[in-house]
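# Structure at a glance
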Number of protein chains: 2
Amino acid sequence: MANLPKEIIELSDAFSSLPNVGPKLSARIALYLAVSAKDLAKKLSFSLEEVVNNISKCNICGNVTNEDICSICADDKRDKSIVLVIEDSLDLINIESAKEYKGVYHVLGGVISPINGIGPDDINMTSLIKRVEDPMVKEVILGLNPNLEGDSTCLYLKDQIDGVRDDISVTRLAKGIPVGGDLEYLSSQTIIDSMKSRINF
Amino acid sequence: MANLPKEIIELSDAFSSLPNVGPKLSARIALYLAVSAKDLAKKLSFSLEEVVNNISKCNICGNVTNEDICSICADDKRDKSIVLVIEDSLDLINIESAKEYKGVYHVLGGVISPINGIGPDDINMTSLIKRVEDPMVKEVILGLNPNLEGDSTCLYLKDQIDGVRDDISVTRLAKGIPVGGDLEYLSSQTIIDSMKSRINF
């Protein structure tokens, strides 16, 4: 990289700070933009400015929005009595693309992870407990990923919710065999989960 | 993506136009920048502006530069009698990191590829032939990748150079077994090349 102009090195360094972009790919992208795609570079720069200036978190659920309240919380047709708790807005996109869920969301922005120094105060949890205090909310679905951190965050949230409401249903998304999964390759825990939660056929 | 603010969708679209960045990764990057890394987004936007405004191609060799002439062409210590022809500036970086070559470069910005509609006029070739007319140039090394397009571009360049100079040496980088290569897995063509070019031990 020593023989490249400093502008390209700085751009490459900035790209390499992005998730899943290594130093080889970032150098490739920086050179591509500098040599073959200056129009795309301009467009990227403009889009980044727009995001920096206009995007914030929804005052209710923590989802990304360019208003005070996100399009889902502002939608009268969504069922405000069910709140699905998720880790980030990418989960929301994928759940929405299934076109099954009609309730609203609460985006934590992370999960409790002592090993990474993330405690209950570092995620968007206080506002969830506030929301749950409203008797309009009848069910909280915990939609966190089934791993160590997701599981312990679920336990913590359940405890907190029970502390403010005793007439609310707290559920968790079912664990089992994913569509297209192959029993030959599934983890033991997935098989145990799918056995325990088996349903009448 | 339908439930994301338009600013994030536009940023994600722009990222997905980059080489080796698919739609899942681009959405992830756009959300990451919007939610957790606005400082990085600002830095990226600034770096992109800098590249758009300050980077151009070297008037002599076609390498990227923030001056009229790139740092290698401007370096008095480089041997101007040897010109190494390469496809793009990324090749240059890797060759420079080997700290072996002391001559200068000529960056074509591509190779002749009829299937992709890239002809001799679409690459930086005319200026190479002009450079070669200068009797100071004693050797042209063809440093293009050994594949169909690289090979045919080499043949074409050799023909063009022979047309303007009969007292110049045109060479090509040696083909053979790469360091760390394993005879068990090498392609037949690599084995044939390494046999034909074998040297006394």
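Residues numbered from 1 in each chain as written. Chains lettered and ligands numbered in written order. Predicted model: local features only at pLDDT ≥ 70, side-chain atom pairs only at ≥ 80, totals over all residues. Heavy atoms only, no water.

## Overview of the pairing of strand β6 (residues 169–172) of chain B
Put simply, the rule reads: Any two strands with at least two DSSP-identified bridges between them are counted as paired. Numbering of helices and strands runs from the N terminus; a helix is a DSSP stretch of H or I covering at least four residues, while a strand is a stretch of E covering at least two.
As defined by bridge partners, strand β5 (residues 139–142) of chain B adjoins β6(B) across four bridges and the pair is classed as parallel. By the bridge assignment, Ile141(B) is partnered in β6(B) with Thr171(B).

## Regarding the packing of helix α2 (residues 23–35) of chain A against helix α3 (residues 38–54) of chain A
Residues and elements named next belong to chain A. Stated formally: Lines fitted to the C-alpha atoms define the axes, with helices restricted to the stretch that makes contact. Angles between their N-to-C directions range from 0 to 180 degrees. With respect to orientation, any angle under 35 degrees is reported as roughly parallel, any angle over 145 as roughly antiparallel, any angle of 65 to 115 as roughly perpendicular, and every other angle as oblique. We call two residues contacting when some pair of their heavy atoms lies within 4.5 Å. By the convention adopted, Pro, Cys, Tyr, Trp, Phe, Met, Ile, Leu, Val and Ala count as nonpolar, Lys, Arg, Asp and Glu as charged, and the other residues, Gly among them, as polar.
Look at α2 against α3: their axes get within 6 Å of each other, and the N-to-C directions meet at 110°. Comparing the axis directions of α2 and α3 gives the class roughly perpendicular. On α3, the residues that touch Tyr32, Leu33 and Ala34 of α2 are Lys38, Leu40, Ala41 and Leu44. Of the residues in the contact of α2 with α3, the class split is six nonpolar, no polar and one charged.

## Concerning the interface of chain B and chain A
Formally: Simply put, the buried area is the total loss of 1.4 Å probe accessible area from both parts when two parts are fitted together. What counts as a salt bridge is simple: a side-chain nitrogen of Lys or Arg found within 4 Å of a carboxyl oxygen of Asp or Glu. Pairs of N or O atoms are called polar contacts if they sit within 3.5 Å, as long as, within protein, a hydrogen donor faces a hydrogen acceptor (for residues adjacent in sequence, only side-chain-to-side-chain pairs).
The interface is formed by 51 residues belonging to chain B together with 51 residues belonging to chain A. Ranking the residues of chain B by area buried against chain A places Asn3(B), Glu7(B) and Leu48(B) at the top, with a combined share of 13%. Counting the contacts that link chain B with chain A gives zero salt bridges. For the pair chain B and chain A, the number of links is 11 residue pairs in polar contact (both at pLDDT 80 or more). Those elements that provide at least two residues to the side of chain B that touches chain A are α1 (6–16), α2 (23–35), α3 (38–54), β2 (64–65) and α4 (89–97) of chain B. Here the side of chain B that touches chain A takes 14 residues from α3(B), the largest share from any one element. Along the lines of polarity and charge, the residues of the side of chain B that touches chain A split into 30 nonpolar, 10 polar and 11 charged.

## Describing the relation of the copies chain B and chain A
Quick reminder of the rule: Only residues with pLDDT of at least 70 in both copies contribute their C-alpha atoms to the least-squares superposition of the copies.
Rotating chain B by 180° about the axis while translating it 0.0 Å along that axis superimposes it on chain A, leaving an RMSD of 0.1 Å. Taken together, the rotation and translation describe the operation of a two-fold axis. For chain B, the smallest separation between a C-alpha atom and the rotation axis is recorded for Ser45(B), amounting to 2.1 Å. Both copies present the same face, since 100% of the interface residues in chain B are matched by interface residues at the equivalent positions in chain A.

## Re the side chain of Ser113(A)
Checked against the element boundaries, Ser113(A) lands in the loop between β4 (103–107) and α5 (126–133). In contact with Ser113(A), other than residues within four places in its own chain, are Ile118(A) and Glu149(A).

## A look at α3(B)
So the rule is basically this: Here a helix's expected span is defined as the number of its residues, less one, multiplied by 1.5 Å. Only protein chains enter the accessibility calculation, which uses a 1.4 Å probe; a residue whose area is less than 20% of its type maximum is buried, one above 50% is exposed, and one in between is partly exposed. Starting at the helix axis, one direction is taken to each C-beta atom, and the arc is that of these directions.
When the terminal C-alpha atoms of α3(B) are compared, their 24 Å separation across 17 residues agrees well with the 24 Å that a helix rising 1.5 Å per residue should span. Along α3(B), the positions that sit buried rather than exposed are Leu40(B), Ala41(B), Leu44(B), Ser45(B), Ser47(B), Leu48(B), Val51(B) and Val52(B). One face of α3(B) carries all of its buried residues, which in axial projection span an arc of 165°. Those residues of α3(B) that are exposed and aimed more than 90 degrees away from the buried face are Asp39(B), Phe46(B) and Asn53(B). On its buried face, α3(B) is in contact with α1 (6–16), α2 and α3 of chain A together with α1 and α2 of chain B.

## Considering the sheet that holds strand β4 (residues 103–107) of chain B
Residue and element names in this part refer to chain B. Pairing is parallel in the open sheet, where four strands are placed in the order β4-β3-β5-β6. Across the chains shown, the open sheet's two edge strands, defined by having one partner strand only, are β4 and β6. Along the sheet, successive strands turn relative to each other by an average axial angle of 25°, direction set aside. Across four bridges, the pairing between strand β3 (residues 79–86) and β5 is parallel. Its bridge partner lying in β5, Leu84 is registered against Ile141. Sheet strands in contact with α4 are β3 and β4, and its direction is about 160° off that of β4. The strands touched by helix α6 (residues 148–164) within the sheet are β3, β5 and β6, with β6 carrying the most contacts at an inclination of about 175°.

## Some details on the domain arrangement of chain A
Which entries qualify depends on this criterion: These domain boundaries are the output of an automatic or database domain assignment.
The domains assigned to chain A are domain 1 (6–54) and domain 2 (74–172). Look at where the C-alpha atoms of domain 1 of chain A and domain 2 of chain A centre, and you get two points 34 Å apart.

## Observations regarding the nonpolar core
This is how the line gets drawn: Grouping buried Ala, Val, Leu, Ile, Met, Phe, Trp, Tyr and Cys residues that are joined through side-chain atoms within 4.5 Å yields what is termed a nonpolar core.
Counting residues in hydrophobic clusters, the biggest one holds 48 residues, and the most contacted among them are Phe15(A), Leu33(A), Phe15(B) and Leu33(B). Listing elements by their share of this core, those giving two or more residues are α1, α2, α3 and α4 (89–97) of chain A together with α1, α2 and α3 of chain B. Looking at which element gives the most residues to this core, the answer is α2(B), with seven residues. Dropping the residues within four chain positions of it, Leu33(B) is found in contact with Leu18(A), Leu48(A), Leu11(B), Phe15(B), Lys38(B), Leu40(B), Ala41(B) and Leu44(B).

## Focus on the sheet that holds strand β6 (residues 169–172) of chain A
Residues and elements named next belong to chain A. Spatially, four strands are ordered β4-β3-β5-β6 in an open sheet, and the strand pairing comes out parallel. Since the sheet does not close on itself, it has two edges, and those belong to β4 and β6, each with one partner. In this sheet, adjacent strand axes meet at a mean angle of 25° when their direction is disregarded. The strands touched by α4 are β3 (79–86) and β4; relative to β4, the strand with the most contacts, the crossing angle is about 160°.

## Some words on the packing of aromatic side chains
Note the following rule: Planes of paired rings set the category: under 30 degrees apart is stacked, over 60 is edge-to-face and the rest tilted, where pairs are Phe, Tyr or Trp rings (Trp by its six-membered ring) whose centres lie within 6.5 Å.
Counted under the stated rule, the structure contains three aromatic pairs over all chains. Taken together, a centroid distance of 6.3 Å and an interplanar angle of 90° make the contact between Phe15(A) and Phe15(B) edge-to-face. With Phe15(A) in helix α1 and Phe15(B) in helix α1, this pair bridges two chains. Phe15(B) gets classed as buried once you look at its relative accessible area, which sits at 1%. Summarising the aromatic geometry, the rings of Tyr101(A) and Tyr105(A) are spaced 5.2 Å apart at their centres and angled 65° between planes, so their arrangement reads as edge-to-face.

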